[in-house]
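Now for the letters of each chain:
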Amino acid sequence: MAGRINDDDVKAVRDAVPIDAVVSDYLQLRSAGGGNLKGLCPFHDEKSPSFQVSPSKGLFHCFGCQEGGDTIAFVMKIDHLSFSETVERLAAKAGITLRYEEGGYNPASQRGERTRLVEAHKIAAEFYVEQLSGAEAETGRKFLAERGFDQAAAEHFGVGYSPVGWDHLTRFLRGKGFTDKELLLSGLSQDGRRGPIDRFRGRLMWPIRDISGEVVGFGARKLREDDNGPKYLNTPETSIYKKSQVLYGVDLAKKDIAKASRAVVVEGYTDVMACHLAGVTTAIATCGTAFGGDHIKILRRLLMDNGSARVIFTFDGDAAGQKAALRAFEDDQKFAAETYIAIAPDGMDPCELRLAKGDEAVQDLVQPRTPLFEFAIRQIVARYDLETPAGRAAALDEAAPIVARIKNGSSQHEVAVQLAGILGILDTQFVVKRVAQMARWARDRGGRGPAPAPERRSQQSQSQSYGTPAPQGSTGPALNLRSPAHRTERELLKLALQRPELVSPAFDAYGEDEFTAPPYAAVRRAIEDAGGAEQGLESAPEYLARVRDAAPNDAVRAMVTELAVEVFHGKTIDEVYAGQQLVQVRLRAVDRRVRDVTGTLTRLGTQSDPDHYAAVQKELWVLQQYGQSLRNDGAAAL
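A. Up close: the sheet that holds strand 4 (residues 51-54). Pairing within the open sheet is antiparallel, and its five strands lie in the order 2-3-4-5-6. Here the strands that pair on one side only, and so sit at the sheet edges, are strand 2 (30-33) and strand 6 (68-70). The average angle at which neighbouring strand axes cross in this sheet is 25°, direction not considered. Here strand 3 (residues 36-39) pairs with strand 4 via three bridges, running antiparallel. What sits directly across from lysine 38, in strand 4, is glutamine 52.

Below, the structure is given as structure tokens:
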């Protein structure tokens, strides 16, 4: 078993790799104010960004699904890695050599499975690139040249060649320390009669990278007539390669997709190459599968779904291409972006178009052409005879449900009017009403009641989630952000986590009972267990890491992260603002105690023990005086 990574090295990795740089490999980030960044959450579907990153604190948090943590937690979650695999990957990126306890340096053969498979693919990609320059690969170089790709283009996209022999790569990787089991798990090798043999033989090789740039698979093009395999052979599904979750070229295109708010979806590896070389650097392609929901999730995170975002599909003009376009329309409403289709003249794909007419023709092709919904409708309508009333009625029956799926009401109405024109139906309102009726039916069939509001959770259930015992006989409110008390408590905890210099040392004298919501009381306890807010005056990342470590469970840890990245409500965050929050939380606690003590006096009555009665009276008087001082003098009375 591998040794444990040295704690100092883990800290060095956290400090060396900025969280915003890591997260930006997976989604587009924009300013959220207060030094924070925001984007569409990669862990759940959403239409408006609730995922926030705090570069200064090294933390992320989604206010929609409540996922949160530091850089290591983000990579572990998004790439399904173990803790050690994640630290090793980030350390390699930062150029940090890790030390391992309980056994010294961690040998390569002991690393996590995913790390080993990714490393095998990286070495395989380098091996294939080297083979492309050999004599045997002449047919591969000729294939590329005939399609307008020179050596520089091949190098840019990492194109390589797999030798014809049975086990060239397998033997090479064995020599690098990989086991037969790892080679079979990677999909680079397959079972043969006498052991593993190469999966790819005598083919042109395209490395398929994930959004972070790691090679996770290959696409292989047949070159020889005696090759009885398919024209394109891809890596099989593995623990690191899921074809429905990978877009070829996204590692090269992601920054330009985010910058231009535009993505161009093409059908093949050579089409991506042709587009990029022609200046259309937002082109990507699926890898041997239809464009689907998981691909949309990747693009939505890059596009941020703003109003000007556009996705352009370029499908072949043949029947298969038209069918692919209609499949794409099935998921069209999952985009907030506008979707278009572009079909080149004579049914050429972008690679053929570039060869025949040059780079400008490719650039012109992907300028937004026909909206995807219009293309889908016209494909349906073309199957009917619109010269007859029966033909028009049948076309309307099939096309109207398509239009009814458009969620935006004004867009739906506009497209319904267009459909009436396409069908030649003069009574436009009839078509509009028919579409609206179908939309209502669809909502009624699939509609569900609203989810329970968060504030309806009982205090007892919240106490159980956050590990804080509910006060005996308490009827205190559950967490409700519309409550002024809870808003103020939340602001004070945010100050204690994000700006401890503004509330220390006063904050550390506050008790858990001054926070009425169980989640906030639990966070207060975690801060205390971590040494108090004064610990944050030296190093914010270390302080927050200690508070997170002190949290008793994942629910409290998530709340700490959430509060550590959430922006403040105040316009100016200074000592005055901090003092106001400190006073309000303390004053409400004093007022609550005044009510409790007043109730006690009422219950005791004048017939009770005089000394006890006098003590309670004195406590009430002290509380009332303190409350008055807080109202008159503010933070100076703390």
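B. A look at the state of the cysteines. A complete count under the given rule lists zero disulfides for this structure. This cysteine, cysteine 41, is not joined by any disulfide, and cysteine 62 carries the nearest cysteine sulfur, 3.6 Å off. What makes cysteine 41 buried here is its relative accessible area of 4%.

C. Broad picture of the pattern of salt bridges. Within this structure, the stated rule accounts for 32 salt bridges. In this structure, glutamate 491 and lysine 494 form a salt bridge, with 2.5 Å as the shortest nitrogen-oxygen distance. In this pair, glutamate 491 and lysine 494 both sit in helix 21 (residues 484-498), three residues apart, roughly one turn of the helix. The two residues glutamate 491 and lysine 494 agree in class, both being buried. Bridged by salt links that share partners, the residues Arg490, Glu491, Lys494, Glu562 and Glu566 form one connected network.

D. Examining the environment of aspartate 359 more closely. Along the chain, the position of aspartate 359 falls in helix 15 (residues 359-365). Separated by 82 residues in sequence, aspartate 359 and leucine 277 place their C-alpha atoms 7.8 Å apart. Among residues more than four places away in sequence, those in contact with aspartate 359 are Leu277, Ala278 and Arg354.

What counts and what doesn't
- Residues numbered from 1 in each chain as written.
- Predicted model: local features only at pLDDT ≥ 70, side-chain atom pairs only at ≥ 80, totals over all residues.
- Heavy atoms only, no water.
- Pairing = 2+ DSSP bridges.
- Helix = DSSP H or I, 4+ residues; strand = E, 2+ residues; numbered from the N terminus.
- Axes fitted to C-alpha atoms, helices over the stretch in contact; angles between N-to-C directions.
- Disulfide = S-S within 2.5 Å.
- Buried < 20%, exposed > 50% of the residue type's maximum accessible area, 1.4 Å probe, protein only.
- Salt bridge = Lys/Arg side-chain N within 4 Å of Asp/Glu carboxyl O.
- Contact = heavy atoms within 4.5 Å.

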